[in-house]
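# Fold and contact review
If you want the building blocks of each chain, they are given just below.
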Amino acid sequence: MEESSVNVINLNQCDEEFIKELEKFGAEELKECIQCGKCASTCPMALAGLDFYIKRIIHAATLGLKDVLLEDSSVWGCQSCNRCVEICPMDVKPYEVIQAVRRAAVRVESCPANTYEGLRNLYKNGHAVFPKGFEERRKKVGLPEKPPTLVSHEELRKKFQEVLKQTSLADVAPFKLD
Amino acid sequence: MKQVGLFLGCNIPFNRPDIEYSARYILKELGVDAVDLEGASCCPAFGTMPSLDIEGWAAASAWNLVLADEKGIDLVTGCGSCYGSLNEAKHHMESHPELKEKVNQIYAKVGKEYKGTAKISNFINFLYESVGLENIKAKVKNNLNGLKCAVQTGCHNLWPSRAYPSNEDNTFYPKRMREICEALGGAAPHYSAITDCCGMGALRSNASDKSLALFKKKLDVIKEELDPDICVIGCSSCLLQFDGGQALLAEQKKLNYQIPALHLVQLTALALGADVDKVAAFAKIPLNGVINKIKGGN
């Protein structure tokens, strides 16, 4: 979304099916939003200066502006901090709306590359964050080279992968779940 | 002996094992048996399964909750994201029985069952409630000697409060970490930006400059209002920002001061007599002033 553009909303762009999709993905209270802006007053995305922040995302969602929402990557900068959920006077659970947009976006492959990196690490190693060189770091403080998590338990890791194969990861992962 | 399952997550065991060392040290000193959660996974992180759908999120979190259920123990974690993701997934399953049922259909295929008996705590609430301030005080070997602490609870440790089994009386005016620092012999005043976001997480991954600028705003308030000896952090992700982020800002010549930063369990470990070289093995900002003060200097 361009910062300087005048945002005249073309209501012909409203996609009611998309609103239903967002509701299905967890934005159950979306239509309760009264655009009061309390969420924006506390949202780190807004305070950090992202142009398309929580209040505007919810506004676009209530109007079903599918293309606007899926073409902008701001939802992926959400901290999941839940301040908005805590203070929303209409109990819209704005964070759930952000997550719903993300859930719609991954299904049309409209997400940052690091999303896939996290998912791949989670599936392969059991850990979304899996930096190199951890063995040396752990040795330095006298801990075993590997923590007692899935990286140390191959059989359990396979079971964990069996669990993930039963989820929507199987539909959206751009890599093979083998 | 009291038992608790130590939920490690990702950043603590892989990026900052000095926090894991400290957590194990303080649990032992406080007479708590730290049970390893063999085969635990990522919580999962908010940008992964929670961003696909609620069912996948719940199924992935349940992996860890089942491990705790099987051992009949509660969990404690030093990572705010883990605390949030696990508790929120549990909350979703508790408020939507059909979701729990779907998750259990998945788990039946691997011969497991999610019961939902395990509670998930963070180190703030664990130290404050399960151990207690008086018991902590009784174990202090190195009194913090008035060390001035600026505390950072971390957003996931506070919100969404509806998902959490225990919390601050007022989540927008947190006191528990301040009281723990005081029990260790430190001073931990309130400051106006105490609940502001540090900028770590998805914002740092997707808009690094804006994340660091947001962090600097908070840091400047801390410097101006408290000018503390140390920042004490309740979440491992926030710590990466407070320690590594400050070092990065200094490198970019955007910061003309640096305040050392430790996770709450690291500071507690120092006060309980642990070796500083292990407690803060990967701290980027030198702790000389902090150690000097604890040893009785000014």
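Residues numbered from 1 in each chain as written. Chains lettered and ligands numbered in written order. Predicted model: local features only at pLDDT ≥ 70, side-chain atom pairs only at ≥ 80, totals over all residues. Heavy atoms only, no water.

## Side note on the confidence of the model for chain B
Quick note on the threshold: pLDDT: the predictor's confidence for each residue, scored from 0 to 100.
With 99% of its residues at a pLDDT of 70 or more, chain B has an overall mean of 96. Interface confidence for the predicted complex, given as ipTM, is 0.95, next to a pTM of 0.96.

## Observations regarding the interface of chain A and chain B
Selection rule: In what follows, a contact means two residues having at least one pair of non-hydrogen atoms within 4.5 Å. When two components associate, each loses some accessible surface as probed by a 1.4 Å sphere; the sum of these losses over both components is called the buried area. The salt bridge criterion pairs a side-chain nitrogen of Lys or Arg with a carboxyl oxygen of Asp or Glu, the two atoms within 4 Å.
Listed by partner, the interface residues are 63 residues for chain A and 67 residues for chain B. The contact between chain A and chain B buries some 5300 Å² in all, and 64% of this surface belongs to carbon and sulfur atoms. Area buried by chain A at its contact with chain B is led by A:Q79, A:R83 and A:V141, which between them contribute 12% of it. In this structure, the connection of chain A to chain B is made through 3 salt bridges.

## Things to note about the sheet that holds strand β4 (residues 120-122) of chain B
Pairing between the strands of a sheet comes from backbone hydrogen bonds, and it takes one of two forms, parallel or antiparallel. Residue and element names in this part refer to chain B. Selection rule: Here, strands pair whenever DSSP counts at least two bridges between them. Segments assigned H or I by DSSP are reported as helices when at least four residues long, segments assigned E as strands when at least two residues long, and all are numbered from the N terminus. Whenever a helix is involved, its axis is fitted only over the stretch in contact; in every case the axis is a line through C-alpha atoms, and angles between N-to-C directions fall within 0 to 180 degrees.
Taken in spatial order, the 4 strands line up as β2-β1-β3-β4 in an open sheet, and their pairing is parallel. Lying at the two open borders of the sheet, with one neighbouring strand each, are β2 (32-36) and β4. On average, adjacent strands in this sheet sit at an angle of 40° to one another, irrespective of strand direction.

## With respect to the packing of helix α4 (residues 80-95) of chain B against helix α5 (residues 97-108) of chain B
Residue and element names in this part refer to chain B. What counts here: Each angle receives one of four descriptions, namely roughly parallel if under 35 degrees, roughly antiparallel if over 145, roughly perpendicular if within 65 to 115, and oblique otherwise. Residue polarity is assigned by list, with Asp, Glu, Lys and Arg as charged and Ala, Val, Leu, Ile, Met, Phe, Trp, Tyr, Cys and Pro as nonpolar; anything else, Gly included, falls into the polar class.
Interaxial distance between α4 and α5 falls to 4 Å at its minimum, and their mutual angle equals 110°. One way to sum up the angle between α4 and α5 is to call them roughly perpendicular. Contacts between α4 and α5 involve H92, M93, E94 and S95 from the former and P97, L99, K100 and V103 from the latter. Looking at the contact of α4 with α5 residue by residue, the class counts come to 4 nonpolar, 2 polar and 2 charged.

## Brief notes about the packing of aromatic side chains
The cut-off we apply is this: Side-chain rings of Phe, Tyr and Trp (the six-membered ring for Trp) are treated as a pair once their centres are within 6.5 Å; stacked means planes under 30 degrees apart, edge-to-face means over 60, and tilted covers the remaining angles. For every residue, the accessible area obtained with a 1.4 Å probe (protein chains only) is divided by the maximum for its type, and the residue is called buried under 20%, exposed over 50%, and partly exposed between those limits. Two conditions define a charge sitting above a ring: the NZ of Lys or the CZ of Arg must be within 6 Å of the ring centre, and it must be within 35 degrees of the ring normal.
Taken as a whole and judged by the stated rule, the model has 11 aromatic pairs over all chains. Taking the centre distance of 6.4 Å and the plane angle of 85° together, the rings of A:Y95 and B:F46 count as edge-to-face. Separated into two different chains, A:Y95 in helix α7 (residues 94-106) and B:F46 in the loop between β2 and α3 (54-71) make up a pair that spans both. Judged by its relative accessible area of 7%, B:F46 falls in the buried class. Residues B:Y83 and B:Y164 carry aromatic rings whose centres are separated by 4.5 Å and whose planes lie at 35° to one another, so their mutual orientation is tilted. Placement of B:Y83 in helix α4 and of B:Y164 in the loop between β5 (149-152) and α8 (176-183) is noted, with a sequence separation of 81 residues between them. You can call B:Y164 buried: its relative accessible area is 8%. Its end group placed over the ring of A:F25, A:K24 keeps NZ or CZ at 4.7 Å from the ring centre. In this structure, B:K112 packs its charged tip against the face of B:W63, placed 5.4 Å from the ring centre.

## With respect to the domain arrangement of chain A
Put simply, the rule is: Source of the domain bounds: an automatic or database domain assignment.
If you check the domain split of chain A, you get domain 1 (11-106) and domain 2 (115-172). Inter-centroid distance (C-alpha atoms) of domain 1 of chain A to domain 2 of chain A is 31 Å.

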